[in-house]
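Residues per chain, in single letters:
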Amino acid sequence: MSVKLSTRQVGDVSVVDVAGRITLGEGSSALRDSLRDMVTKGQKKILLNLAEVSYIDSSGIGELVSGFTTVANQGGQLKLLSLTKRVKDLLQITKLYTVFDVHDDEAAAIRNFK
Amino acid sequence: MGKNTGGEAETVDQFLDSSLESVDSAENLVIEVAQKAGFEEEDLHKIGMSVRESMVNAVVHGNQYSAHKKVHVSVSKGPDRLTIVISDQGKGFDLDALPDPLADNNLLRNCGRGIFLIRAFMDDIQVRRLTPNGTEVTLTKYLVRK
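The rules behind these values
- Here the residue numbers are simple positions, counted from 1 along each chain's written sequence.
- Working convention: letters from A go to chains and numbers from 1 go to ligands, in the order in which they are written.
- Totals for whole chains, interfaces and linings use all residues, but because this is a predicted model, local features are given only for residues with pLDDT of at least 70 and pairs of side-chain atoms are given and counted only at 80 or more.
- Where helices and strands are cited, they refer to DSSP runs of H or I of at least four residues and of E of at least two residues respectively, numbered from the N terminus.
- We call two residues in contact when the distance between their C-beta atoms, placed using the backbone, is within 7 Å.
- The nonpolar core criterion groups buried Ala, Val, Leu, Ile, Met, Phe, Trp, Tyr and Cys residues into a set whenever they are joined through C-beta atoms within 7 Å.
- Buried means a residue has 20 or more other C-beta atoms within 10 Å of its own C-beta, exposed means 12 or fewer, and partly exposed covers the counts in between; C-beta atoms are placed from the backbone.
- At least two bridges found by DSSP between two strands is the condition for calling them paired.
- When the strands point away from the viewer and the connection leading from the first strand across the helix to the second strand turns clockwise, the crossover is called right-handed.
- Each axis is a line fitted through C-alpha atoms, and for a helix only the stretch in contact is used; angles between axes span 0 to 180 degrees, taken between their N-to-C directions.
- Orientation is classified from the angle alone, with under 35 degrees giving roughly parallel, over 145 giving roughly antiparallel, 65 to 115 giving roughly perpendicular, and any other angle giving oblique.

> For the environment of Val137(B), give the residues involved together with the corresponding values.
All names here are of chain B. Within the fold, Val-137 resides in strand S6 (residues 135-142). Remark: the alpha-carbon pair of Val-137 and Asn-57, spanning 80 residues in sequence, is separated by 10.0 Å. For Val-137, the contacting residues outside a window of four places in its chain are Ser-54, Ile-86, Ile-125 and Val-127.

> Please give an account of unusual backbone geometry that cites residues and values.
Backbone geometry follows two general trends: most residues other than glycine have a negative phi, and most peptide bonds adopt the trans configuration. For the peptide bond that leads from Thr131(B) to Pro132(B), omega is 5°, which places it in the cis range. Tracing the chain through its elements places Pro132(B) in the loop between strand S5 (124-129) and S6. Despite not being glycine, Ser82(A) shows a phi value in the positive range, around 55°. Even without a glycine there, the phi angle at Tyr65(B) is positive, about 60°.

> Account for the nonpolar core, naming residues and giving values.
One finds Val18(A), Ile46(A), Leu47(A), Leu48(A), Leu50(A) and Val87(A) to be the most contacted residues of the largest nonpolar core, which totals 29 residues. Elements supplying a minimum of two residues to this core: strand S2 (13-22), helix H1 (26-40), strand S3 (45-56), helix H2 (58-73), strand S4 (77-81) and helix H3 (85-93) of chain A. When residues of this core are assigned to their parent elements, the largest contribution, six residues, is made by S3(A). Formed by 28 residues, the second largest nonpolar core is a distinct cluster that contains Leu24(A), Leu16(B), Val23(B) and Phe39(B).

> An account of the pairing of strand S1 (residues 3-10) of chain A is needed here, citing residue identities and associated values.
As judged from the eight bridges shared by S1(A) and S2(A), these two strands associate in the antiparallel manner. Considered in S2(A), the bridge of Val3(A) is made with Gly20(A).

> Describe the pairing of S2(A), with residues and values.
Residues and elements named next belong to chain A. Burial analysis of S2 places seven of its 10 residues in the buried class, the great majority of the element. In this antiparallel pair of consecutive strands, S1 and S2, the connection spans two residues, and Gly-11 shows a positive phi of 65°. Where S2 meets S3, eight bridges bridge the pair, whose relative direction is parallel. For Ala-19, the partnering residue across the bridge sits in S3 and is Glu-52. The parallel pair S2 and S3 is bridged by H1, and the resulting crossover is right-handed.

> Could you give an account of the packing of H1(A) against H2(A), naming the residues involved and the relevant values?
Residues and elements named next belong to chain A. Contact geometry of H1 with H2 gives a least axis separation of 9 Å together with a crossing angle of 5°. As far as their axial angle goes, H2 and H1 are roughly parallel. From H1, Gly-27, Ser-28, Leu-31, Arg-32, Leu-35, Arg-36 and Val-39 reach across to H2, where they touch Ser-59, Gly-60, Glu-63, Ser-66, Gly-67, Thr-70 and Val-71.

> How would you sum up the environment of Ile46(A)? Please name residues and give values.
Residue and element names in this part refer to chain A. Along the chain, the position of Ile-46 falls in strand S3. Here Ile-46 falls in the buried class, since 24 other C-beta atoms lie within 10 Å of it. When sequence neighbours within four positions are dropped, the list of residues in contact with Ile-46 reads Ser-14, Val-16, Met-38, Val-71, Gly-76 and Leu-78.

In structure tokens:
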């Protein structure tokens, strides 16, 4: 399985449930296309739920960073929700854990958007 | 595919196309050998990801998806270690010249973390220029028996 993305709206926050593998190729390009599409449509509050992400490589990390900067450059915010231990470890060793705003609770994450 | 088994030592090697499918194939091949060698789940993940990153470098940056160039993958299971050698036919790169992905001005780059992750996950990485062209990357992971 590559990656599966489904988006739902909670108030003015777009929650993207991501499942599967975010690796170079189909996985990373699907995430990139989805985020760009949301930004193009003017959505500025995006919460990426990574609870079901089983695997992410350096390309996938790159897409998270790229999404973060793309949304921020449009005046929006991208936050991360429910990291698995592996994804959390990867963000910690790459020093990105403190760059992203990471949450464990969806309701709290949604309230945290300005 | 070549296979040479003698005692506890075993070497499996494959010549793969310069494609993303080959990245998956190499990762699966190495994980299979690592599993037989006795590595546990967390190390299998680290080994698999290191092979993936190295294969992506070989396919994308080295051979640049060329249909005329192959990637050679060799995985050897020794009594105390797993050794993986991945060779491409590209222009090569200088390990010491790679930018530090943890530097403040590189932190938000969307690429350049592959070798850094391999260094974090494996016990050793060696990079050698091949003649007339190509790069050979050797990854080693030691088996810690409980």
